[in-house]
Amino acid sequence: MVDEVPFLGVAYACFLIATVAYAIHLAKGDREIGRAGTWTSLLGAVILAGGLLVHTVRAGHWLPVGIYELSLTLTLAIVSLYLLMEHLARIRGAGAFVMALVLLVHTYAILLLPPTARLAEPLAPALRSPWFGLHILGMLVAYGFFAVACGTGLLYLCANVALAREGVGIFPPLEVVDGLNYRAVAYGLPWLTVGLAAGSWWAWQVWGSYWHWSSREVCILGPWLIYAASLHLRRWGRWSARRSALFSALGFVVVLLTFLGGYVLAGESDAISSLPVYFRNNGV
Amino acid sequence: MINEITPAKIPRERDILDTLWRLFSSTQLAAVVLLAVASVSALGVLFPQAPSQATRDSAVYAQWLVSSQGRYGSWFDFLDTMGLFDVYGSWWFRSLLALLAFSLIISTAERVASLWPSISQAGVKQGDDSFADASKQAVFSVDQPVEQLVERLKTVLTRRLCRTLVEREEGGVYLYADRFWVEAAALLGHIGLIVILAAVVVTNRLGWQEDAVTLSPGQSYEVGHGLDAVLRFEKLELDTYPDGSPRDYRTYVQIIEDDTEVEQLIGVNRPFSYRGVSFYQISHGMAVAVKASDQDGQPLVLQSFADGAETAAVVSLPFWGHQSERHFAVPDQDIVFQLVFYQSLPGHGYDGPVFLVQAYRGSAIEPIYSDFVERSSSFKVGGATYQLALDQYSVLRIVRDPAIALVVLGLLLIIVGHFLWLYWSPMRFWVAVSEKGDKTTVKLAGTAERDEAGFASWFDGLAQEMEKESKDG
């Protein structure tokens, strides 16, 4: 049977090239190199989608559930949403930062996870629910947007430093980057709400409890609270765009910690209430 | 020289309630409390939380206690006193949530109070200074009669924004457009959260749940809580994938009430509801029913070690996981049995589920009986005959939550509110149309509450569209 590994390797190479191209574009202002970054990212996304399709056929279900499948799908979500935002905003400056995040998640999925995590396993009975599918969709789209917000936040911080040192630079105007940063957070939060709500309704359907403060639930609630706070702070007159940029960058660190760390913590310290352990212990 | 005495400026008096109102309705406080809840919630993930009272099983709790005491050593008592092993039930976490709820309610009331005036008293006519102060401005002139032009501009504004108001004066015509519904949408999210909080209160007051109702085939359970119904477990059906892992499982039950029997199916993700009570199938597993008789064929009384179990002629022992163990005692014979369940033991020649049965008399360390039991069978210990019958059991959760519809409503309000509020920016747009000679001059101005860069681009597009529309006409 065809394996997804070659697809993932080629996609990784594409993302690496795209990161370098975007970085050169940012440093030199070369539009052609920037365009090459865009097309290479798109190519990588298509190849990654092909790899995921192969894995889906092997696993026998389309829903990403394990950390391996979720990491790969998150990679695809980040690239796709970044390209969408790039198309809408018509600036490529954040590409270098966003693609670096893509490489980080992709590296984790294909190089750092143990081989057992990459096994294509059948879907547990409780996960065979459209509400669980909607939960996953909402979370991935939200996290994709937050990755873009992190990238634009880092771009803003760099542009701000460059502006203070050199007066003008090759960076896009600060207000444009800030606008893109705001939109990435604002577009992501409703999807996180969808993920949270669908997950709660799914839990109600499975266990008759829509919320019980499990580690997985808290790991989703944390980013929701942080990004909701960030949008509230933007309405405060004395809150600067620089702080918002910093918040977005740090917010995504929390997202990564909760996304990746949730699985580690579930197995280590919260063995009573976490859903994965609940599945394991109860044969669900 | 006589100094002119000017009256001192008297600041507006603020009483304590006014100050508190401003504090609790401020976005800063909301943001700080949101971040505080996020930080404190993280403690519950970092520290292993004690099993909740509702689902507390003495064995599970003992296991948790031993592992936590081992991990934190002498710090355990201090951390326990601080409530770090029950973060979400601690008074300080609940106080923080109460503060968040209070802030939410006050800020929503504040917004409701300010929303209507901003909608109903929109300033259509703006002076030149206001045009100059707006985030974006544009001016163009066309050869079109004013009235005809106004209708076209109104059409464009209504299409691109939402509400358009027109005021006619001697010097010209003024138009104002906004997305007033976006302001209202922001409220939906807050109202949705308040509805969910209200639902939580209703659930805590009127709802109840019975966790882990374990039933084997033929067993019945009185639902209680004012419901005169009995749930009778019929059978469990299990579907597996080719590798043997569970694909789906269904529990068939009967609800018996007032001489009526209703057959029902409870599936994973498919709870069954009866008169406001929902039945969930949360797990299943292998169970062993044990009964014993002495040398004369008289049944022996058995005692399960499960919480609250009483002596009975038959004990049902449910097994969890791969290598779980259960115990039961035979008080009359001073014997304790230990049964260990294995999914398989290829090393001992068992490819399927198997039990290791060991019997201990009194406080002896060495077992008086030890053997593997593969399927339903009987064996003799100390002259008594023991019969094991293997079966599947189901674990059900029975829940009554009268506020679940409120929760759904709250979630929907939050989702709709968030999408409307965050995907559409609230903005205001003013147009002044005046005739100067043969030309009609159109002045545009607009302001957005957020994302000014995005608004600037949007404004330029709208200004171009309006100019084109005006000239094409």
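Please read all numbers here as calculations on a predicted model, not as lab measurements.

### Some remarks on the overall build of chain A
Across its full length, chain A carries nine helices and zero strands. When the elements of chain A are put in sequence order from the N terminus, they spell out α-α-α-α-α-α-α-α-α. Seen along its three principal axes, the alpha-carbon backbone of chain A occupies a region of about 60 × 50 × 30 Å. The burial tally for chain A puts 57% of its 284 residues in the buried class. Long-range pairs, those at least 24 residues apart, make up 81% of the contacts in chain A between residues at least 6 apart in sequence.

### Comments concerning the domain arrangement of chain B
With domains assigned, chain B is organised as domain 1 (16-90), domain 2 (122-179 + 425-472) and domain 3 (210-399). One C-alpha centre belongs to domain 1 of chain B, the other to domain 2 of chain B; they are set 54 Å apart.

### A look at the interface of chain B and chain A
The interface of chain B with chain A comprises 55 residues on the first partner and 49 residues on the second. When residues of the side of chain B that touches chain A are traced back to their parent elements, those giving at least two are helix H2 (27-46), helix H3 (58-72), strand S7 (246-257), strand S10 (277-293), strand S19 (384-400), helix H9 (404-423) and helix H10 (452-472) of chain B. Ranked by residues supplied to the side of chain B that touches chain A, first place goes to H2(B) with 13 residues. By residue class, the composition of the side of chain B that touches chain A is 33 nonpolar, 15 polar and seven charged.

### Here we look at the domain arrangement of chain A
All names here are of chain A. Here chain A is described as being made up of domain 1 (1-121) and domain 2 (128-284). Of all the elements, helix H3 (residues 67-89) adds the most residues to the side of domain 1 that touches domain 2, at ten residues. For the side of domain 1 that touches domain 2, the class distribution of residues is 16 nonpolar, four polar and no charged.

### Brief notes about the nonpolar core
A:Ile78, A:Val98, A:Tyr143, A:Phe145, A:Phe146 and A:Val148 are the most contacted members of the largest nonpolar core, which has 158 residues in total. By residue number, the principal contributor to this core is helix H6 (residues 174-207) of chain A, which donates 21 residues. In contact with A:Ile78, not counting residues within four places along its chain, are A:Val98, A:Leu101, A:Val102, A:Gly144 and A:Ala147. Counting 24 residues, the second largest nonpolar core, distinct from the first, contains B:Leu153, B:Leu175, B:Tyr176 and B:Ala432.

### Some points on the confidence of the model for chain A
Taken over all residues, the pLDDT of chain A has a mean of 87, while the share at 70 or more is 90%. Across residues 266-284 of chain A, confidence stays below pLDDT 50; counting only partners more than four residues off in sequence or on other chains, it has 46 contacts.

### Digging into the sheet that holds strand S12 (residues 311-312) of chain B
Residues and elements named next belong to chain B. Strand order in this open sheet of six strands is S12-S11-S14-S15-S16-S17, and the pairing throughout is antiparallel. Each end of this open sheet is capped by a strand with a single partner; those strands are S12 and strand S17 (369-373). With eight bridges connecting them, strand S15 (residues 335-342) and strand S16 (residues 354-361) associate as antiparallel partners. Bridging from a neighbouring strand, Tyr342 pairs with Val354 of S16.

### Description of the pairing of strand S3 (residues 172-178) of chain B
Residue and element names in this part refer to chain B. For S3, the tally of buried residues reaches seven of seven residues, placing the bulk of the element in the interior. Of the two faces of S3, the one carrying Gly172, Tyr174, Tyr176 and Asp178 and the one carrying Val173, Leu175 and Ala177 are both buried. Two elements, strand S2 (residues 163-169) and S3, share seven bridges in a ladder whose sense is antiparallel. When the sheet's bridge partners are listed, Arg163 is paired in S3 with Asp178. The hairpin formed by S2 and S3 contains two residues between the paired strands. Here S3 pairs with strand S20 (residues 427-436) via six bridges, running antiparallel. Counterpart to Asp178 in the pairing with S20 is Arg428.

### Quick look at the sheet that holds strand S6 (residues 227-240) of chain B
All names here are of chain B. One open sheet holds the four strands; their spatial order is S5-S6-S7-S8, and the pairing between them is antiparallel. Looking at which strands have only one partner, the edges of the open sheet turn out to be strand S5 (220-224) and strand S8 (260-267). If you compare each strand with its neighbour and ignore which way they point, the axes differ by 30° on average. Pairing analysis gives eight bridges linking S7 to S8, with the strands arranged antiparallel.

### Structural notes on the packing of H3(A) against helix H5 (residues 130-166) of chain A
All names here are of chain A. At a closest axis distance of 8 Å, the pairing of H3 and H5 adopts a crossing angle of 60°. In terms of orientation, H3 lies oblique with respect to H5. Handedness of the crossing formed by H3 with H5: right-handed. Here Thr73, Leu74, Ala77, Ile78, Ser80, Leu81, Tyr82 and Met85 of H3 lie close against H5, whose contacting residues are Leu140, Val141, Tyr143, Gly144, Phe145, Ala147, Val148 and Gly151.

Scoring rules and cut-offs
Residues numbered from 1 in each chain as written. Chains lettered and ligands numbered in written order. Predicted model: local features only at pLDDT ≥ 70, side-chain atom pairs only at ≥ 80, totals over all residues. Helix = DSSP H or I, 4+ residues; strand = E, 2+ residues; numbered from the N terminus. Buried ≥ 20, exposed ≤ 12 C-beta atoms within 10 Å, placed from the backbone. Contact = placed C-beta atoms within 7 Å. Domains from an automatic or database assignment. Nonpolar A, V, L, I, M, F, W, Y, C, P; charged D, E, K, R; others polar. Core = buried A, V, L, I, M, F, W, Y, C linked by C-beta atoms within 7 Å. pLDDT = per-residue confidence, 0-100. Pairing = 2+ DSSP bridges. Axes fitted to C-alpha atoms, helices over the stretch in contact; angles between N-to-C directions. Parallel < 35°, antiparallel > 145°, perpendicular 65-115°, else oblique. Left-handed = near helix turned anticlockwise from the far one by under 90°.

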